[in-house]
Amino acid sequence: MRNRIALHAEPRKTIITSLAFTLISFFLMLILMLSVNKDAIQLNSLLQSDYDYSVTMQDTVRKDDYYQFNAGIEFTLSADANTSLNADIVMQSKDSLYTDMVSWNAEPLSTNGVAVSENLAKSNNLHKGDKLYSKHIVNGESCE
């Protein structure tokens, strides 16, 4: 007597397995799309924007708010400098009111104006009206 091995699966089991796999795949794709949707929207808006730089900030309290850049902006003393200033970059929030609780003078600046700390000014021999340069991280152009 020969042992026979059936290599054909039952049609009903094949359909149930295929259907289960399809449903599981659909739900996994749905979960993946929902989890990255917020980041995808932000990335798409950045790619379509004309912004020079982008930052994120915790929920605003409209008092003493500021943005801190973690990377990407470097200031130099000349347009062709190879080294940058060792400084943290912060930006004022347009809609925030500033009190004496912040450690810097929070008067509004011009569009391309920057403020530097006294220590940074002293260590780099900077005076009011001196120019600093920042190289754009996307197109490489230097801004004065």
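Residues numbered from 1 in each chain as written. Predicted model: local features only at pLDDT ≥ 70, side-chain atom pairs only at ≥ 80, totals over all residues. Heavy atoms only, no water.

**Some points on the confidence of the model for the protein chain**
Mean pLDDT over the protein chain works out to 78, with 81% of the residues at or above the 70 mark. Within the protein chain, the lowest mean pLDDT, 72, falls on strand S1 (residues 66–69), and the highest, 88, falls on helix H2 (residues 118–123). (pLDDT = per-residue confidence, 0-100. Helix = DSSP H or I, 4+ residues; strand = E, 2+ residues; numbered from the N terminus.)

**Points about the pattern of salt bridges**
Two side chains that carry opposite charge are able to pair once their charged atoms sit near each other. Under the defined criterion, the tally for this structure stands at one salt bridge. Notably, a salt bridge pairs lysine 131 with glutamate 144, separated by 3.0 Å at the nearest N-O pair. One end of the pair, lysine 131, is in the loop between H2 and strand S4 (133–135); the other, glutamate 144, is in the segment after strand S5 (142–143), and 13 residues separate them in sequence. A relative accessible area of 47% places lysine 131 in the partly exposed class. (Salt bridge = Lys/Arg side-chain N within 4 Å of Asp/Glu carboxyl O. Buried < 20%, exposed > 50% of the residue type's maximum accessible area, 1.4 Å probe, protein only.)

**A few points about unusual backbone geometry**
Negative phi values dominate among residues other than glycine, just as trans dominates among peptide bonds. Phi is positive for asparagine 125, which is not a glycine, with a value near 55°. Within the secondary structure layout, asparagine 125 lies in the loop between H2 and S4.

**A word on the side chain of serine 134**
Tracing the sequence through the fold places serine 134 in strand S4. Accessibility expressed as a relative area gives 7% for serine 134, which makes it buried. Only 3.4 Å separates the side chain of serine 134 from the backbone oxygen of glutamate 74, close enough to count as a polar contact. (Polar contact = N/O pair within 3.5 Å; in protein donor to acceptor, adjacent residues only side chain to side chain.)

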